[in-house]
Amino acid sequence: MTADVEALLPGRPVPADPSTAQRVARRRRHRPRGPRALLLLALRALAAAVIVALALFPLAWMVISGFKLRTEVVSTPFQFFPEVWQWQNYAQILADPSFLRTLTVTGLGAVLFTAGSIAVNSMAAYAFARLEFRGKRVLWPLVLMTMFIPGMTILLTSFIVVTNLYMLDTLAVLVIPGMAAAGHVFFVRQFYLNIPSSLEEAAVMDGCGPWGVYLRIFLPLSKAPFVVVGMTSFMAYWNGFVWPVMTITSPDLYQVQQYLAAFRGERSSELGLLMAGSACAAAPILVIFLVFQRQIIANIKMAGLK
């Protein structure tokens, strides 16, 4: 009598019968790897290591160059590590009041821009996903079309608009114009389309209007897309250069990339100090990405599956 038949006798527990796919996957997992499979795995690991090294090399060189003298930064032949580590470069740039003011102003603008971007784009996404209004089917394709218009092509017209609105040399000119983004509206809308309509119907039965449904149902469930929208908005503002150069002339409102460009023009001989400042400017973006990298990757994969 086989074990399978014995298992079916009264008084004996019926074992869980895994599916065929699970049994095949289990066998493959425990199957010993041959030389060819091991070689392929080693080549993949080597290729991944090379790609990671190439991606991280510029960042590592910038950070380490912050500890070098000017002559070592541009030395020939190439020298990766300094002969004497110049720790005072980072101490000097972080003690510079103008650099600290620039970081503070840029950080404040980035936070305001990120919060505004999340608010504006999520409300637009909710309207296009769940509300019915006249012209919706015509307006939505027009919104999507703006994703394919290069930003450089509208710089001049945008500059004329903010000039007529007397917004030059204010923090508002950096925060307000770029809040609405069709890509972010599209991303959040795709998430809202997958929220069960039963939640919305229950809120309506409880007396909630459109604003109530958005604030009480959709907003609390939007943490996943908000992480992606917030991260990309913060990065876009922090790394902005062309627009601040066009609209900001007061040193008190200089953005971090604008400050580094002016620093290079005025003190071009202090390359070690410039590299230290660049490394400090890149640090907030790296920290934010490391904190939210799992959520960002998971949300992008989720949006791709949907």
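Bear in mind that the values here come from a model prediction, so they are computed numbers and not experimental data. (Residues numbered from 1 in each chain as written. Predicted model: local features only at pLDDT ≥ 70, side-chain atom pairs only at ≥ 80, totals over all residues. Heavy atoms only, no water.)

(A) Just the overall build of the chain, in detail. Looking only at helices and strands, one finds 16 helices and zero strands in the chain. Across the 306 residues in the chain, those meeting the buried criterion constitute 33%. By sequence separation, contacts in the chain at least 24 residues apart represent 69% of the contacts at least 6 residues apart. Just so you have it, the chain exposes about 19,500 Å², and 69% of that area is on carbon and sulfur atoms. (Helix = DSSP H or I, 4+ residues; strand = E, 2+ residues; numbered from the N terminus. Buried < 20%, exposed > 50% of the residue type's maximum accessible area, 1.4 Å probe, protein only. Contact = heavy atoms within 4.5 Å. Areas by Shrake-Rupley, 256 points an atom, 1.4 Å probe, with all protein chains shown as cover.)

(B) Here's a closer look at the layout of surface pockets. Here the largest pocket is characterised by a volume of approximately 1,100 Å³. Lining the largest pocket are 37 residues, with Gly151, Ile154, Pro177, Gly178 and Ala180 sitting closest to its centre. Elements with a contribution of two residues or more to the lining of the largest pocket: helix 6 (97-130), helix 8 (155-164), helix 9 (172-175), helix 10 (182-193), helix 13 (223-238) and helix 14 (242-247). Grouping the constituent residues of the lining of the largest pocket by class yields 26 nonpolar, eleven polar and no charged. (1 Å grid on protein atoms, 1.4 Å probe; cavity = no way out; pocket = protein on both sides within 12 Å on 5 of 7 lines; lining within 4 Å. Points joined across faces, edges and corners; volume = space filled by probe spheres on them. Nonpolar A, V, L, I, M, F, W, Y, C, P; charged D, E, K, R; others polar.)

(C) Focus on the packing of helix 11 (residues 197-205) against helix 12 (residues 210-218). For the pair helix 11 and helix 12, interaxial distance at closest approach is 10 Å and the crossing angle is 125 degrees. Relative to helix 12, the element helix 11 lies oblique. The handedness of the crossing between helix 11 and helix 12 comes out as right-handed. Touching Leu199, Glu200, Ala203 and Val204 of helix 11 are Val213, Ile217 and Phe218, all from helix 12. (Axes fitted to C-alpha atoms, helices over the stretch in contact; angles between N-to-C directions. Parallel < 35°, antiparallel > 145°, perpendicular 65-115°, else oblique. Left-handed = near helix turned anticlockwise from the far one by under 90°.)

(D) Layout of the environment of Tyr259. Note on placement: Tyr259 falls in helix 15 (residues 256-266). Each C-alpha atom of the pair Tyr259 and Thr102 lies 7.2 Å from the other, and the pair is 157 residues apart in sequence. Excluding anything up to four places from it in sequence, Tyr259 contacts Asp96, Ser98, Phe99, Thr102 and Tyr254. A polar contact of 3.2 Å, which involves the side chain of Tyr259, links it to the side chain of Ser98. (Polar contact = N/O pair within 3.5 Å; in protein donor to acceptor, adjacent residues only side chain to side chain.)

(E) A look at the side chain of Gln86. In this structure, Gln86 sits in the loop between helix 4 (70-73) and helix 5 (88-94). With residues near it in sequence (within four places) discarded, Gln86 still touches Gly66, Phe67, Lys68 and Leu69.

(F) Broad picture of the environment of Ser233. Checked against the element boundaries, Ser233 lands in helix 13. By relative accessible area, which is 1% here, Ser233 ends up buried. Sequence-wise, Ser233 and Ser117 are 116 residues apart; in three dimensions their C-alpha atoms are separated by 6.9 Å. Ser233 has contacts with Phe113, Thr114, Ser117 and His184, leaving out every residue within four places of it along the chain.

(G) Broad picture of the packing of helix 6 against helix 13. At a minimum axis distance of 8 Å, the contact between helix 6 and helix 13 shows a crossing angle of 140 degrees. In terms of orientation, helix 6 and helix 13 fall into the oblique class. For helix 6 against helix 13, the interelement crossing comes out right-handed. Contacts from Leu103, Thr106, Gly107, Gly109, Ala110, Val111, Phe113, Thr114, Ser117, Ile118 and Ser122 in helix 6 reach Phe226, Val229, Gly230, Ser233, Phe234, Tyr237 and Trp238 in helix 13. Of the residues contributing to the contact of helix 6 with helix 13, the split by class is ten nonpolar, eight polar and no charged.

(H) Seen up close, a nonpolar patch on the surface. On the surface, a cluster of nonpolar side chains totalling about 500 Å² of accessible area is made up of Leu39, Leu43, Leu46, Val50 and Leu54. Relative to the elements of secondary structure, Leu46 occurs in helix 3 (residues 35-65). Exposure remark for Leu46: the relative accessible area of 51% places this residue in the exposed category. (Patch = residues over 30% accessible without salt bridge, like charges linked within 9 Å, V, L, I, M, F, W, Y side chains within 5 Å. Salt bridge = Lys/Arg side-chain N within 4 Å of Asp/Glu carboxyl O.)

(I) Inspection of the nonpolar core at higher detail. Counting residues in each nonpolar core, the largest one holds 36 residues, and the members touching the most others are Phe99, Val173 and Trp238. Among the secondary structure elements, those contributing two or more residues to this core are helix 5, helix 6, helix 8, helix 9, helix 13, helix 15 and helix 16 (271-305). For this core, the leading source of residues is helix 16, giving nine residues. Not counting chain neighbours up to four residues away, the residues in contact with Val173 comprise Val162, Met167, Trp243, Thr247 and Ile248. Listed in part, the 20 residues of the second largest apolar core include Ala125, Tyr214, Phe218 and Phe226. (Core = buried A, V, L, I, M, F, W, Y, C linked by side-chain atoms within 4.5 Å.)

(J) Fine view of unusual backbone geometry. With a phi close to 55 degrees, Tyr166 is a non-glycine residue in the positive phi region. By secondary structure assignment, the location of Tyr166 is in the loop between helix 8 and helix 9. One non-glycine residue, Asp169, lies in the positive phi region at around 60 degrees. One can find Asp169 in the loop between helix 8 and helix 9. Note on Asp169: relative accessible area 29%, which makes it partly exposed.

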